[in-house]
Amino acid sequence: MRVIIKDNYEEMSKAAAQLVKNRILNKNNLILGLATGSSPIGLYKELIKMCEKKEISFKKMKTFNLDEYYELNPDHPQSYRYFMNINLFDYIDINKKETYVPDGLAKDVDKFCSDYEKKIKSEDGIDLQVIGIGGDGHIGFNEPGTSLASRTHLVILDEQTIKDNARFFNSIDEVPKSAITMGVGTVLDTKEILLVANGIKKAKIVAQALEGPITSMVTCSAIQLHPKVTVFLDKEAASELKRLSYYNFVEKQLANMNISL
Ligand code: GLP
């Protein structure tokens, strides 16, 4: 696992976007996994700029989102489909038909979930998965206690998550109580993971996820089992890490050796 710590959110977002750019330049039909939340917005802004400057193209790419609120219409301003449109898809040259977000209106949820898994498999898996971390350590919507082997499934959201996400809705009562999410096992099956986290509010949970025990109580800790993970943090989110100076030392040495992202 590489842990890259930048001075602020903007620098963190730029560095994360550089990794995505490198992967797209290596494979123009990259299968990209995407996340919502405030953490990756800066990364998406950078990707939009790169696309506008024609440094990268999404034309041949397909994307799969981690999760979606259940029973929320895709046109709802708080749906994750809507979020992806206004924060990325509307501004890049991707074929929107090839952008997959779990269907929050699926009637047969079990069938939808197994079809989502099959669709990912049929593309030979996700090359690079972007993730954030929730206040309780979740990835996607895999709340504490979710099996680390879980696949795409319907989840009842934790009260903490409902509270955390209430800021985006008119009132807490409007926040959906359930969601469809890729499982922890689905995320672990991806070929590479990119985690972004910023702000002092994330410091403790980031330290638990990266340096604490691997436990379903902090589903993000499962990424310790993945062979190819790069974590991008701002200084605040990194402030509780025990091995902070080592991570900075590693990056210095890699830079000296001209090993980039
Ligand atoms: C939601 C999403 C997660 C995201 C988390 C953190 O719960 N389902 O995928 O990582 O929020 O959001 P933020 O980046 O706004 O802190």
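Residues numbered from 1 in each chain as written. Predicted model: local features only at pLDDT ≥ 70, side-chain atom pairs only at ≥ 80, totals over all residues. Heavy atoms only, no water.

*Asks:* Lay out the sheet that holds strand 9 (residues 193-197) with the relevant residues and their values.
*Replies:* Pairing is parallel across the open sheet formed by seven strands, whose spatial order is 1-10-9-6-2-3-5. Of all strands in the sheet, those with a lone pairing partner are strand 1 (2-6) and strand 5 (99-100), marking the two edges. As paired elements, strand 6 (residues 128-131) and strand 9 share three bridges and run parallel to each other. Paired with Gln129 across the strands is Ile193, a residue of strand 9. With respect to the sheet, helix 4 (residues 109-122) is in contact with strand 3 (62-65) and strand 5, its orientation differing from that of strand 3 by roughly 150°. (Pairing = 2+ DSSP bridges. Helix = DSSP H or I, 4+ residues; strand = E, 2+ residues; numbered from the N terminus. Contact = heavy atoms within 4.5 Å. Axes fitted to C-alpha atoms, helices over the stretch in contact; angles between N-to-C directions.)

*Asks:* Talk me through the site of the ligand; I want residue IDs and the actual numbers.
*Replies:* If you check the shell around the ligand, you find 15 residues, and the closest are Ser38, Ser39, Asp67, His138 and Lys202. Within the side chain of Arg167, a nitrogen or oxygen atom sits 3.3 Å from an oxygen atom of the ligand. Surface burial for the ligand is 95%, taken as the share of its 390 Å² of free accessible area covered by protein chains. Considering only residue class, the shell around the ligand consists of three nonpolar, nine polar and three charged. (Near = heavy atom within 4 Å. Polar contact = N/O pair within 3.5 Å; in protein donor to acceptor, adjacent residues only side chain to side chain. Areas by Shrake-Rupley, 256 points an atom, 1.4 Å probe, with all protein chains shown as cover. Nonpolar A, V, L, I, M, F, W, Y, C, P; charged D, E, K, R; others polar.)

*Asks:* I'd like a rundown of the environment of Glu98, residues and numbers included.
*Replies:* Topologically, Glu98 is positioned in the loop between helix 3 (80-87) and strand 5. Beyond its immediate sequence surroundings of up to four residues, Glu98 is in contact with Met61, Lys62 and Thr63.

*Asks:* Any details on unusual backbone geometry? Residues and values, ideally.
*Replies:* A positive phi angle is found at Glu71, which is not glycine, with a value near 65°. Here the phi dihedral of Asn258 falls at roughly 60°; this positive angle occurs in a residue that is not glycine. Mapping Asn258 onto the fold places it in the segment after helix 9 (244-256). For Asn258, a relative accessible area of 71% puts it in the exposed group. (Buried < 20%, exposed > 50% of the residue type's maximum accessible area, 1.4 Å probe, protein only.)

*Asks:* I'd like to hear about helix 9, residue by residue, with values.
*Replies:* Taking 1.5 Å of rise per residue, the 13 residues of helix 9 would be expected to cover 18 Å, and the 19 Å separating its terminal C-alpha atoms lies within 8% of that figure. Listed as buried for helix 9 are Tyr247, Glu251 and Leu254. Viewed end-on, helix 9 has its buried residues packed into an arc of 65°, placing them on one side of the element. Of the exposed residues in helix 9, the ones pointing more than 90 degrees away from its buried face are Ser245, Lys252 and Asn256. At its buried positions, helix 9 is contacted by strand 1 and helix 7 (203-211). Trailing helix 9 by a residue or two, Asn258 shows a phi angle of about 60°, which is positive. (Expected span 1.5 Å × (residues − 1). Arc of directions from axis to C-beta.)

Fair warning: the whole summary comes from geometry, so function is off the table for now.
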